[in-house]
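Structural description and commentary
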Amino acid sequence: MTTLVVGASGTTGRLLVEQLLHRGQKVKAIVRTPGSFNEFIRNHAGFTEIHASVSELTDAEMAQHVTGCAAVASCLGHQLSFKGIFGKPRLLVTDTVRRMCKAIQDTNSGKTVRFVLMNTAGNSNRDIPEQVSFGQKCVIGLLRLLLPPHLDNEKAADYLRTEIGQKNKITEWVAVRPDALLNENEATEYAVHPSPTRSAIFNSGQTSRINVGHFMAELITDDETWKQWKGQMPVIYNKA
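Residues numbered from 1 in each chain as written. Predicted model: local features only at pLDDT ≥ 70, side-chain atom pairs only at ≥ 80, totals over all residues. Heavy atoms only, no water.

**Quick notes on the overall build of the chain**
This is how it is decided: Counting from the N terminus, the helices are DSSP H or I runs at least four residues long and the strands are E runs at least two residues long. Atoms considered for the radius of gyration are the C-alpha atoms alone. The globule rule reads 2.2 Å times the number of residues to the power 0.38. The buried label goes to any residue with under 20% of its type's maximum accessible area, the exposed label to any with over 50%, and the partly exposed label to all in between, with areas taken from a 1.4 Å probe on protein chains only. Only heavy atoms enter the contact rule, under which two residues are in contact if any of them lie within 4.5 Å. All accessible areas in this document rest on Shrake-Rupley with a 1.4 Å probe, and a residue is counted as covered only by the protein chains that are shown.
A count of helical and extended segments in the chain gives nine helices and 10 strands. Taken over C-alpha atoms, the radius of gyration comes to 17 Å for the chain, in line with the 18 Å a tight globule of 240 residues would show. By principal-axis analysis of the C-alpha atoms, the chain measures approximately 50 × 40 × 35 Å. Per-residue burial for the chain yields a buried fraction of 50% across its 240 residues. Look at the contacts in the chain between residues 6 or more apart in sequence, and 76% of them connect residues 24 or more apart. As presented, the chain carries roughly 11,900 Å² of accessible surface, and 50% of it is formed by carbon and sulfur atoms.

The following block contains the structure:
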């Protein structure tokens with residue numbers, strides 16, 4: 001089974017790649033800058049590194065990379081710099097999700113492809129009623145106006161919800177929503193919920209990046225986990 005990972009050179013993306021390789025999966029990773037991976041990943045027989053800017057790939061190149069993959073995962077995010085936050089492309093994640101889903105549809109071999117998107121607990125799942133306080137709605141509204149990456153995250157998940165939907169026979173999806181991210185060396189116990197159990201703005205929980213990578217890998221490789229969460233936007237927290 002081969003998984004294509006975009007945003008693979010990011011802090012969480014590298015952990016997802018490693019988790020998949022440990023599970024015996026083959027991984028193709030699209031990275032702009034080579035040399036971002038540790039020795040285990042670089043030397044693994046199941047790993048293929050593709051040097052490219054995902055936003056500059058042609059439709060034909062995107063289709064080529066997607067072909068033969070049973071799963072696609074996006075850990076894309078905007079760099080934490082002025083240019084990364086306010087520069088172009090402002091809808092990097094949304095545009096990439098849209099183009100990758102189109103490539104999956106266009107190159108389909110009759111098998112369903114799993115699409116896993118790393119998103120954020122600050123984004124609500126508008127397919128179900130989620131309790132969001134008035135204060136949080138106000139803050140999220142400001143973030144939507146002032147910080148393009150937040151709007152990008154919302155639009156990417158909305159594309160999966162509304163355009164791919166729940167009954168697509170070619171592409172199934174899950175949007176994983178971690179809360180405040182932190183770095184840990186090893187995966188620990190974590191809890192997964194259909195909706196946030198606390199305010200992402202006023203009472204955020206913690207989610208280690210390695211736990212996000214672990215859960216995304218579980219979704220990709222474990223059928224029961226996938227059946228439980230497909231078409232949903234699960235929220236993941238570290239267990240206290």
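**Description of the state of the cysteines**
The criterion, for reference: When two cysteine sulfur atoms lie within 2.5 Å, the pair is treated as a disulfide.
Per the stated rule, a full pass over the model turns up zero disulfides. The cysteine C101 is free of any disulfide, with C69 supplying the nearest cysteine sulfur at 13 Å.

**Some points on the sheet that holds strand β2 (residues 26-31)**
The test is simple: Whether two strands pair comes down to DSSP finding at least two bridges between them. Lines fitted to C-alpha atoms define the axes here, with helix axes fitted over just the stretch in contact, and angles between the N-to-C directions of these axes take values from 0 to 180 degrees.
With mixed pairing, the eight strands of this open sheet are ordered in space as β3-β2-β1-β4-β5-β6-β10-β8. If you trace the sheet from one side to the other, it starts and ends with β3 (47-51) and β8 (190-193), each paired once. With strand direction ignored, the average angle separating the axes of adjacent strands in the sheet is 20°. Pairing of strand β1 (residues 2-6) with β2 involves five bridges; the strand directions are parallel. Paired with T3 across the bridge in β2 is V27. Contacts from helix α3 (residues 59-66) reach β1, β2 and β3, with the element oriented near 155° to β2. Along the sheet, helix α8 (residues 209-221) makes contact with β1, β4 (71-74), β5 (113-118), β6 (171-178), β8 and β10 (235-238), crossing β5 at roughly 165°.

**What about the pairing of β2?**
Residues in a regular strand project their side chains so that they alternate between the two faces of the sheet. This is how the line gets drawn: Seen with its strands pointing away from the viewer, a crossover is right-handed if its path from the first strand over the helix to the second goes clockwise.
Within β2, five of the six residues are buried, leaving the element largely enclosed by the surrounding structure. Taken together, β1, helix α1 (residues 11-22) and β2 constitute a β-α-β crossover, and its handedness is right-handed.

**Side note on the nonpolar core**
Our working definition: Only buried residues count toward a nonpolar core. Its members are Ala, Val, Leu, Ile, Met, Phe, Trp, Tyr and Cys residues joined through side-chain atoms within 4.5 Å.
One finds L4, I30, V54, V97, F115, L117 and L160 to be the most contacted residues of the largest nonpolar core, which totals 32 residues. Listing elements by their share of this core, those giving two or more residues are β1, α3, α5 (92-106), β5, α7 (148-164) and β6. Of all the elements, α5 adds the most residues to this core, at seven residues. Apart from residues no more than four positions distant in its own chain, L160 is found in contact with V97, C101, F115, L117, G165 and W173. V5, V17, F215 and A217 belong to the second-largest nonpolar core, a separate cluster that totals 29 residues.

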